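One-letter residues, chain by chain:
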Amino acid sequence: AQTVTQSQPEMSVQEAETVTLSCTYDTSESDYYLFWYKQPPSRQMILVIRQEAYKQQNATENRFSVNFQKAAKSFSLKISDSQLGDAAMYFCAYRRPTGGYQKVTFGTGTKLQVIP
Amino acid sequence: DVKVTQSSRYLVKRTGEKVFLECVQDMDHENMFWYRQDPGLGLRLIYFSYDVKMKEKGDIPEGYSVSREKKERFSLILESASTNQTSMYLCASYPMGGSRRNTGELFFGEGSRLTVL
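Bear in mind the structure is a predicted one, so any value in this text is a computation, not a measurement. Residue indices begin from 1 for each chain and proceed along its sequence in written order. Note on labels: chains are lettered from A, ligands numbered from 1, in written order. Per-residue local features are limited, in this predicted model, to residues with pLDDT of at least 70; the limit for side-chain atom pairs, both in listing and counting, is 80 or more; totals at the level of whole chains, interfaces and linings are taken over all residues. Each side-chain value is derived from all of the structure's non-hydrogen atoms; neither hydrogens nor water enter the calculation.

Draft legend 1. Structural detail: the overall build of chain A. Numbering of helices and strands runs from the N terminus; a helix is a DSSP stretch of H or I covering at least four residues, while a strand is a stretch of E covering at least two. Along the backbone of chain A there are 0 helices and 12 strands. Element order for chain A, N to C, with α for helix and β for strand: β-β-β-β-β-β-β-β-β-β-β-β. The reference for a compact globule is 2.2 Å times residues^0.38; the radius of gyration itself is calculated from the C-alpha atoms. Relative to the globule expectation of 13 Å for 116 residues, the C-alpha radius of gyration of chain A, 14 Å, shows essentially globular dimensions. Dimensions along the principal axes, computed over C-alpha positions, put chain A at roughly 45 × 30 × 25 Å.

Draft legend 2. Here's a closer look at the packing of aromatic side chains. Only Phe, Tyr and Trp rings are paired, with Trp represented by its six-membered ring, and only when their centres lie within 6.5 Å; those with planes under 30 degrees apart are stacked, over 60 edge-to-face, the remainder tilted. Applying the stated criterion to the full structure yields 16 aromatic pairs over all chains. Centroid distance A:W36 to A:F75: 6.3 Å. Interplanar angle 20°. Geometry classified as stacked. You can see A:W36 sitting in strand β5 (residues 33-39) and its partner A:F75 sitting in strand β9 (residues 74-79), a full 39 residues away along the chain. Take A:W36 and A:F75: they sit in the same class, and that class is buried. Taken together, the aromatic side chains of A:Y33, A:F35, A:Y37, A:F106, B:F33, B:Y35, B:F48, B:Y94 and B:F108 make up a single cluster linked through ring pairs. Sitting over the ring of B:Y94, A:R95 keeps its end group 4.2 Å from the ring centre. Note on classification: 1.4 Å probe, protein chains only; a residue is buried when its accessible area is under 20% of the maximum for its type, exposed when over 50%, partly exposed between these limits. Distance and angle both matter: a charge sits over a ring if NZ of Lys or CZ of Arg is within 6 Å of the ring centre and within 35 degrees of the ring normal.

Draft legend 3. Focus on the side chain of A:Q6. All names here are of chain A. Take Q6: it is sitting in the loop between β1 (3-5) and β2 (10-14). A relative accessible area of 6% places Q6 in the buried class. Think of a polar contact as two N or O atoms within 3.5 Å of one another; within protein, one of them needs to be a possible hydrogen donor and the other a possible acceptor, and neighboring residues in sequence only count if both atoms come from side chains. Engagement of the side chain of Q6 in a polar contact is seen with the backbone nitrogen of G109, the distance being 3.1 Å. By the convention used here, residues are in contact when the closest approach between their heavy atoms is within 4.5 Å. Residues contacting Q6, with those up to four places away along its chain left out, are S22, C23, W36, Y90, F91, C92, G107, T108, G109 and T110.

Draft legend 4. Here's a closer look at the interface of chain A and chain B. Listed by partner, the interface residues are 20 residues for chain A and 28 residues for chain B. Regarding the contact of chain A and chain B, the summed buried area is about 1900 Å², with carbon and sulfur atoms giving 54% of it. Any carboxyl oxygen of Asp or Glu that lies within 4 Å of a side-chain nitrogen of Lys or Arg is treated as forming a salt bridge with it. Linking chain A with chain B are 0 salt bridges. At the boundary of chain A with chain B, the tally comes to 5 residue pairs in polar contact (both at pLDDT 80 or more). Elements supplying a minimum of two residues to the side of chain A that touches chain B: β5, β6 (46-52), β10 (88-95) and β11 (104-106) of chain A. What counts as buried area is the accessible surface, traced by a 1.4 Å probe, that two parts surrender upon association, with contributions from both included.

Draft legend 5. Inspection of the side chain of A:E52 at higher detail. Residue and element names in this part refer to chain A. Within the element layout of this structure, E52 appears in strand β6. At 2.7 Å, the side chain of E52 and the side chain of Y54 are in polar contact. Here E52 is in contact with Y32, Y33 and F68, once residues within four sequence places are set aside.

Draft legend 6. Region of the structure containing the pattern of salt bridges. In the structure shown here, the tally under the stated rule is 13 salt bridges over all chains. Put simply, A:D86 and A:R63 hold a salt bridge, and the shortest N to O gap is 2.8 Å. Of this pair, A:D86 sits in the loop between β9 and β10 while A:R63 sits in the loop between β7 (60-61) and β8 (64-69), and the two are 23 residues apart along the sequence. When the shortest N-O distance is used, the salt bridge between B:E110 and B:R9 registers 3.1 Å. Within this pair, whereas B:E110 is found in the loop between β10 (107-108) and β11 (112-116), its partner B:R9 is found in the loop between β1 (4-6) and β2 (10-13), the two being separated by 101 residues in sequence.

Draft legend 7. Broad picture of the state of the cysteines. Residues and elements named next belong to chain A. The disulfide criterion is simple: two cysteine sulfur atoms within 2.5 Å. Tallying each qualifying case throughout the model produces 2 disulfides over all chains. With its sulfur 2.0 Å from that of its partner, C23 forms a disulfide with C92. Since a negative S-S torsion denotes a left-handed disulfide, the C23-C92 link at about -70° is left-handed. Residue C23 is found in the loop between β3 (19-21) and β4 (24-26), and its partner C92 is found in strand β10; the two are separated by 69 residues along the sequence. For C23, a relative accessible area of 1% corresponds to the buried category. With relative accessibility at 0%, the residue C92 sits in the buried group.

Draft legend 8. View of the pairing of strand β4 (residues 31-38) of chain B. All names here are of chain B. The buried fraction of β4 is high, at 8 of 8 residues. Side-chain alternation along β4 places N31, F33, Y35 and Q37 on one buried face and M32, W34, R36 and D38 on a second face that is also buried. DSSP-based pairing: two strands are paired if at least 2 bridges between them are found. Pairing of β4 with strand β9 (residues 87-94), which is carried by 7 bridges, proceeds in the antiparallel orientation. Counterpart to W34 in the pairing with β9 is C91. Here β4 folds back onto strand β5 (residues 42-51) in antiparallel fashion, the turn holding 3 residues, of which G40 has a positive phi close to 80°.

Below, the structure is given as structure tokens:
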């Protein structure tokens with residue numbers, strides 16, 4: 001079974017600084033998706049960034065980027081120029097891509113505090 | 001934009017009551033999910049459905065049942081609520097795997113916070 005581990009329950013960052021959230025996963029598959037989701041306080045969970053395992057290039061979305069190390073099964077999220085609106089719970093998630101329905105496995109989350 | 005709507009944001013129920021949590025999505029997604037979110041435990045899958053009237057148990061199905069009579073609607077049922085079911089419940093959906101619409105992204109509702117007294 002796939003597992004996703006987020007070892008940092010809480011993190012804090014000064015506004016405008018850079019922070020990296022860690023995620024490791026365990027799988028025997030070679031093809032899969034990895035995701036970071038953001039859940040702001042009392043608001044809907046939304047997708048931040050997605051990585052396809054067969055793509056060697058790290059995904060980037062504006063101030064958000066990932067460091068995907070497939071051999072090490074590591075998938076960290078880097079937030080540059082942190083903003084107050086980045087304060088949220090962040091969840092790392094794993095999913096197999098192949099047809100039909102596929103279960104999504106989540107980590108336990110990292111609560112990010114942004115200090116003004 | 002995809003919209004996943006959960007019928008109640010906050011509910012307070014008493015032990016032993018029957019509780020219905022409803023979820024509706026408007027993007028014709030085949031797959032729908034119910035997760036439970038607890039601090040330190042992340043999101044745990046209760047049940048999912050890949051088609052009308054089809055359902056599969058997730059990781060923690062005990063004490064829950066589901067219903068999917070129409071494609072857009074997926075209901076979570078607590079037959080006899082207990083205090084250990086106090087939690088945040090999240091509904092999510094995504095299109096059928098292999099379809100062009102499927103980017104792998106899960107679309108979530110805003111959540112239903114249930115308190116059982």
